[in-house]
Amino acid sequence: MPADCLIREARIVDGTGAPWFVSDVLLRGGRIAEIGRTIPADGIQTVDARGLYLAPGFIDAHCHDDLICLREPERIEKIAQGVTTLVVGNCSFSLYPTAPGSAGNLRKHFSTLLGDVADDEVFEDFAGYRAAVHRRGLALNLVSLVGHAALRLAVIGHERRAATDAECAQMQALLARQLRAGAVGLSLGLVYPPSAYADRRELLALARTVQENGKLLAAHIRGYEGDLLDSMDEFIGLLQDSGVPGLLSHLQSAGRPNWGQMPDALNKLEQAREQGVDVSFDMYPYPAGSSYILQLLPTAALEGGYDGLVARLAQADFREKLRLYLEGKSPAKGVPPSKVSLIGWENVRISGVSNPGLKSLEGQSMVQAAAGLGVTPFDLLVRLILEDQGQTSIVMFQLDEKDLHAACTHRLHMVGSDGLPRPGTKPHPRAYGTFPRIAGRLRREGWFPLEDAICRMTSRAAERFGLVDRGLVRPGMVADLVLFGDAIEDCATFDSPTQLPTGIEHVLVAGEMVLENGKMTGRLPGRVLG
Ligand SMILES: [Zn+2]
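Quick caveat, the model's predicted, so the values are computed rather than measured.

Colleague: What is the right way to look at the overall build of the chain in this model?
Modeller: Each helix and strand in the chain was counted, giving 18 helices and 20 strands. Against the 2.2 N^0.38 benchmark of 24 Å for 530 residues, the chain shows a C-alpha radius of gyration of 23 Å, consistent with a compact globule. Buried residues in the chain amount to 61% of all 530 residues. When contacts within the chain are restricted to residue pairs at least 6 apart in sequence, those whose partners lie at least 24 apart make up 76%. Surface accessibility of the chain: about 18,800 Å² in total, with carbon and sulfur atoms responsible for 49%. Side chains of the chain carry 54 positive and 63 negative charges; the gap between the two charge centres is 1 Å.

Colleague: Whenever I open this one, the sheet that holds strand 14 (residues 348-352) confuses me. Can you help?
Modeller: To summarise the sheet geometry, strands pair through backbone hydrogen bonds and adopt either a parallel or an antiparallel arrangement. Pairing is antiparallel across the open sheet formed by three strands, whose spatial order is 13-15-14. One side of each edge strand has no neighbouring strand; the edge strands of this open sheet are strand 13 (288-292) and strand 14. Taken pair by pair, the neighbouring strands of this sheet meet at an average axis angle of 30 degrees, ignoring direction. Here four bridges tie strand 14 to strand 15 (residues 393-397), and the two strands are oriented antiparallel to one another. Each bridged residue has a counterpart across the sheet, and for V348 the counterpart in strand 15 is M396.

Colleague: What is the right way to read the sheet that holds strand 11 (residues 246-248) from this model?
Modeller: Across the sheet, which stays open at both edges, the eight strands sit in the order 6-7-8-9-10-11-12-16 with parallel pairing between neighbours. At either end of the open sheet lies a strand with only one pairing partner, and these are strand 6 (58-60) and strand 16 (413-415). Each strand of the sheet is rotated relative to its neighbour by a mean of 30 degrees, with strand direction disregarded. The pairing of strand 6 with strand 7 (residues 83-88) spans three bridges and is classified as parallel. Following the sheet pairing, I59 is matched in strand 7 by T85. Against the sheet, helix 9 (residues 262-274) contacts strand 11 and strand 12 (279-283), and its axis sits at roughly 150 degrees relative to strand 12.

Colleague: Is there a simple way to think about the packing of aromatic side chains in this case?
Modeller: The geometry of an aromatic ring pair is captured by the separation of the ring centres together with the interplanar angle, meaning the angle of the planes. In total, this model carries 14 aromatic pairs according to the counting rule given. Between the aromatic rings of F58 and F484, the centroid separation amounts to 6.3 Å while the plane-to-plane angle is 55 degrees, which identifies the pairing as tilted. One end of the pair, F58, is in strand 6; the other, F484, is in strand 17 (residues 481-489), and 426 residues separate them in sequence. On the numbers, 5.3 Å between centres and 75 degrees between planes, the contact of F93 with Y192 is edge-to-face. On the criterion of sequence distance, the pair formed by F93 in the loop between strand 7 and helix 3 (103-114) and Y192 in the loop between strand 9 (185-189) and helix 7 (200-212) is long-range, its members being 99 residues apart. Just as F93 is buried, Y192 falls in that class too. An aromatic cluster of at least three residues, connected via ring pairs, comprises W20, Y53, F58, F435 and F484. Just above the ring of W20 sits the side chain of R11; from NZ or CZ to the centre is 5.1 Å. The residue whose ring lies beneath R430 is Y284, and the NZ or CZ to ring-centre distance is 4.4 Å.

Colleague: What should I look at first to understand the environment of H428 in this one?
Modeller: Relative to the helices and strands, H428 is located in the loop between strand 16 and helix 16 (430-444). By relative accessible area, H428 is classed as buried at 3%. Separated by 64 residues in the primary sequence, H428 and A492 have C-alpha atoms spaced 8.8 Å apart. Excluding residues that lie within four positions of it along the chain, H428 makes contacts with Y286, A288, G289, S290, V395, F494 and P497. Polar contacts involving the side chain of H428 include one to the main-chain carbonyl oxygen of A288, which spans 2.7 Å.

Colleague: Would you take a moment to explain the coordination of the zinc ion for this structure?
Modeller: Distances from the zinc ion to its protein donors, C91 (SG), H220 (ND1) and H250 (NE2), fall at 2.1 to 2.2 Å. Read N to C, the donor residues that coordinate the zinc ion are spaced as C-x128-H-x29-H. Linking H220 in strand 10 (residues 216-220) with H250 in the loop between strand 11 and helix 9, this pair joins segments that are 30 residues apart in sequence. An identical accessibility class is assigned to H220 and H250; each is buried.

Colleague: Whenever I open this one, the nonpolar core confuses me. Can you help?
Modeller: Generally speaking, nonpolar side chains in soluble globular proteins are found buried as a group. Counting residues in hydrophobic clusters, the biggest one holds 142 residues, and the most contacted among them are L251, L381 and F484. Those residues within four positions of L251 in sequence are excluded, and the remaining contacts are Y224, L228, M232, M262, A265, L266, L269, F281, D282, M283 and A407. Counting residues in hydrophobic clusters, the runner-up holds 19 residues, among them C5, V25, L27 and I32.

What counts and what doesn't
- Within each chain, residue numbers correspond to sequence positions counted from 1 in written order.
- Side-chain atom pairs in this predicted model are given and counted only at pLDDT of 80 or more, local residue features only at pLDDT of at least 70, and totals for whole chains, interfaces and linings cover all residues.
- By convention in this description, side-chain values take in all heavy atoms of the structure and omit both hydrogens and water.
- Counting from the N terminus, the helices are DSSP H or I runs at least four residues long and the strands are E runs at least two residues long.
- The globule rule used for comparison is 2.2 Å times the number of residues to the exponent 0.38, while the radius of gyration itself is calculated over C-alpha atoms.
- Three labels apply to residues, based on accessible area from a 1.4 Å probe with only protein chains included: buried if under 20% of the type maximum, exposed if over 50%, partly exposed otherwise in between.
- By definition, residues are in contact when any of their heavy atoms lie within 4.5 Å.
- Calculation of accessible area relied on Shrake-Rupley with a 1.4 Å probe; when residues are assessed, cover is drawn exclusively from the protein chains displayed.
- Positive charges are assigned to Lys and Arg, negative charges to Asp and Glu, while His and the chain termini are left out of the count.
- To locate a charge, take atom NZ for lysine, CZ for arginine, CG for aspartate or CD for glutamate.
- Pairing between two strands requires that DSSP report at least two bridges joining them.
- Orientation is described by axes fitted as lines to C-alpha atoms, over the contacting stretch for helices, and by angles from 0 to 180 degrees between their N-to-C directions.
- To pair, rings of Phe, Tyr and Trp, with the six-membered ring standing in for Trp, must have centres within 6.5 Å; the planes then decide the type, stacked if under 30 degrees apart, edge-to-face if over 60, and tilted in the middle.
- We count a charge as sitting over a ring when the NZ of a lysine or the CZ of an arginine lies within 6 Å of the ring centre and within 35 degrees of the ring normal.
- Two N or O atoms form a polar contact when they lie within 3.5 Å of each other; inside protein one atom must be a possible hydrogen donor and the other a possible acceptor, and for residues adjacent in sequence the pair counts only when both atoms belong to side chains.
- Metal sites are built from N, O and S donor atoms within 2.8 Å, or 3.2 Å for Na, K and Ca, and they leave out water, so they may look incomplete.
- Working definition of a nonpolar core: buried Ala, Val, Leu, Ile, Met, Phe, Trp, Tyr and Cys residues. They are joined through side-chain atoms within 4.5 Å.

Function cannot be read off these values alone, since they describe shape.
Right, here's the structure in full:
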């Protein structure tokens with residue numbers, strides 16, 4: 001049990017969006033006991049917070065910290081940003097559930113996103129994952145979505161086809177067990193095979209299961225390029241027909257020809273809400289995205305998983321067709337233009353590899369790296385897929401600042417870093433800077449008042465994920481709190497992406513200091529919630 005603590009004269013930004021006010025806050029038994037102007041100290045520990053803002057701990061509504069939470073319990077770069085709760089299991093990727101025989105497939109599948117996953121890092125179910133996190137301990141809290149890929153791998157494997165009725169029922173049963181055990185919802189990843197191979201019938205069946213269990217449907221939708229609006233219709237239709245609440249993942253309009261679509265996309269969400277659809281979205285505050293290198297390929301290329309792709313790449317005619325498609329030289333009917341043709345090889349940067357022999361390529365664009373090796377960017381792509389086992393991460397400079405501003409200042413927006421933690425690589429800076437960037441730099445640039453910024457990082461996400469006793473500074477709430485100064489600032493950049501932010505003084509999780517005077521305390525009071 002954490003010691004009682006009195007925080008003195010903080011400027012309280014309570015998470016509702018209301019203007020800050022100066023008050024004392026008394027913490028008792030890990031919760032907020034009292035808020036008032038002059039609370040007597042009565043000999044308990046006090047924190048002088050004059051000149052500091054006190055906000056609910058930030059909630060990262062979208063990240064991929066599933067694996068690293070098993071390996072690095074302190075989660076330094078998250079705590080350093082004031083984050084006290086993570087939402088993992090996004091974009092169809094979770095480390096559970098498995099069925100007999102599917103664990104190997106799931107391990108390999110997840111490895112393409114974040115590097116090698118060990119045998120004991122995939123789990124039969126949510127309870128197994130939670131137990132593993134608790135055994136090791138964790139500085140902050142975590143909630144988890146069930147990844148659609150894990151369900152499909154457990155029931156259908158890597159096959160590129162619609163599920164049968166029996167298979168739908170099996171996936172529904174497997175999903176329901178995870179939701180009942182405490183998973184907060186289901187995540188789709190409709191650009192990522194095998195999630196991408198699902199048809200509407202399967203998605204609707206799963207959405208109904210989520211609805212029956214009172215949970216959330218999150219989706220990396222089928223496309224964020226020219227097909228953004230149609231892909232949103234598909235997702236909104238699922239929400240409408242199932243009655244489930246939804247969170248659209250990292251809303252953006254990618255690729256220069258598609259810039260300027262954001263106002264239409266936001267209107268679509270408002271219209272859906274007018275028709276009674278409970279939908280909102282998350283987005284990170286940067287004009288570049290990040291993913292695994294396999295996202296550059298058409299989904300059909302991954303039929304049979306990574307091994308299927310490797311077998312296909314051995315055929316010269318497949319390789320040539322793929323090159324023509326990727327480089328926009330053979331637009332196929334009914335197939336959207338490739339990402340590469342929309343954004344250009346020069347805007348794809350290699351951010352992380354597993355193979356030490358390729359390490360020197362990290363931080364270089366595909367054009368630079370290919371030139372250095374005396375090959376074409378396409379040949380480099382094939383080489384990376386083969387020599388790095390498909391485990392290469394990339395950063396894609398693909399968004400318009402105006403679209404980004406429109407999304408990140410919209411009333412339905414909440415903050416999710418979409419960080420892809422991969423120690424020792426040159427990742428997207430969002431993993432190290434998202435929250436202080438919102439509360440500091442962008443707020444100072446006039447994107448939103450501080451109170452609005454904090455609301456996007458706290459109560460909105462708490463509500464969406466059913467965290468009823470977090471996300472607000474109110475008596476009775478769990479004391480997940482962050483104290484920071486006006487000069488809060490993100491320091492991570494695309495060239496120096498792992499620099500920690502400045503200006504965050506103290507972070508408390510359930511009333512325990514995990515960051516004190518800007519330094520990690522090593523305490524691990526976090527829990528898997530749900
Ligand atoms: Zn995603």
